[in-house]
Amino acid sequence: QVQLVESGGGLVQAGDSLSVSCAASGRPFSSYRVGWFRQAPGKEREYVGSIGYGTTYDSNSVKGRFTISRDNAKNTVYLQMDSLKPEDTAVYYCAARFGLSLATMASDYDAWGQGTQVTVSS
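Note that the coordinates shown come from a computational prediction; the quantities given were computed from them, not determined experimentally.

Novice: In this structure, what is going on with the overall build of the protein chain? I would like to understand it.
Specialist: Helices and strands together make up the secondary structure of the protein chain, namely zero helices and 11 strands. Along the protein chain, helices (α) and strands (β) appear in the sequence β-β-β-β-β-β-β-β-β-β-β when read from the amino end. In summary, the protein chain has a C-alpha radius of gyration of 13 Å against a globular reference of 14 Å for 122 residues, a match within 12%. Along the first, second and third principal axes, the C-alpha atoms of the protein chain reach 40 × 25 × 25 Å. Across the 122 residues in the protein chain, those meeting the buried criterion constitute 42%. Summing over all exposed atoms, the protein chain offers an accessible surface of approximately 6,000 Å²; the carbon and sulfur share of this is 49%.

Novice: Explanation requested: the state of the cysteines in the structure shown.
Specialist: Among covalent bonds in proteins, the disulfide is the one between the sulfur atoms of two cysteines. With the rule as written, the count across this model stands at one disulfide. Note on cysteine connectivity: Cys22 is disulfide-linked to Cys94, with sulfurs 2.1 Å apart. Disulfide Cys22-Cys94: the torsion about the S-S bond is 70°, which places it as right-handed. A residue pair is termed long-range when its members are at least 10 positions apart, and Cys22 in strand β3 (residues 18-25) and Cys94 in strand β9 (residues 90-98) qualify at 72 residues. Residues Cys22 and Cys94 agree in their burial class; the two are buried.

Novice: I would appreciate a short explanation of the environment of Asp88 in the present structure.
Specialist: If you trace the backbone, Asp88 turns up in the loop between β8 (76-81) and β9. For the pair Asp88 and Val118, spaced 30 residues apart in the sequence, the C-alpha separation amounts to 7.6 Å. Apart from the residues lying within four places of it in its own chain, the contact partners of Asp88 are Arg38, Arg65, Phe66, Ser83, Val118 and Val120. Polar side-chain contacts of Asp88 include one of 2.9 Å to the side chain of Arg38.

Novice: Quick question: what am I supposed to make of the sheet that holds β8 here?
Specialist: Consider a sheet: its strands pair through backbone hydrogen bonds, and that pairing is either parallel or antiparallel. Strand order in the open sheet made by the four strands is β1-β3-β8-β7, with antiparallel pairing throughout. Each end of this open sheet is capped by a strand with a single partner; those strands are β1 (3-7) and β7 (66-71). Averaged over all pairs of adjacent strands, the angle between their axes in this sheet comes to 15°, without regard to strand direction.

The rules behind the values
- Residues numbered from 1 in each chain as written.
- Predicted model: local features only at pLDDT ≥ 70, side-chain atom pairs only at ≥ 80, totals over all residues.
- Heavy atoms only, no water.
- Helix = DSSP H or I, 4+ residues; strand = E, 2+ residues; numbered from the N terminus.
- Rg over C-alpha atoms; globule rule 2.2 N^0.38 Å.
- Buried < 20%, exposed > 50% of the residue type's maximum accessible area, 1.4 Å probe, protein only.
- Areas by Shrake-Rupley, 256 points an atom, 1.4 Å probe, with all protein chains shown as cover.
- Disulfide = S-S within 2.5 Å.
- Contact = heavy atoms within 4.5 Å.
- Polar contact = N/O pair within 3.5 Å; in protein donor to acceptor, adjacent residues only side chain to side chain.
- Pairing = 2+ DSSP bridges.
- Axes fitted to C-alpha atoms, helices over the stretch in contact; angles between N-to-C directions.

This is the structure in structure tokens:
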């Protein structure tokens, strides 16, 4: 089983950029698909995007603003968030599943990080 730890969240203003990282340990990371999810207070966990063979994104609300990348040598996946909006405020989680095929449901993922808070003020 792979273990995941997120870092890099914080408080920013609308329009700012922020990068969060997901560091993995325990097993070779290159064979895992890694997804990013977020959960705002009172809302269900929402798929943001994931990276495996390629990169996918969820809704139009993040397309063109969020970029997912990975560095397998460092066992780390990154979520670069640009042009942040107050509605992006949430706890951001990374998750991993063995295999690189597309997966967009939280239930598809086996390992989860503890989450990192991202707050965007207006």
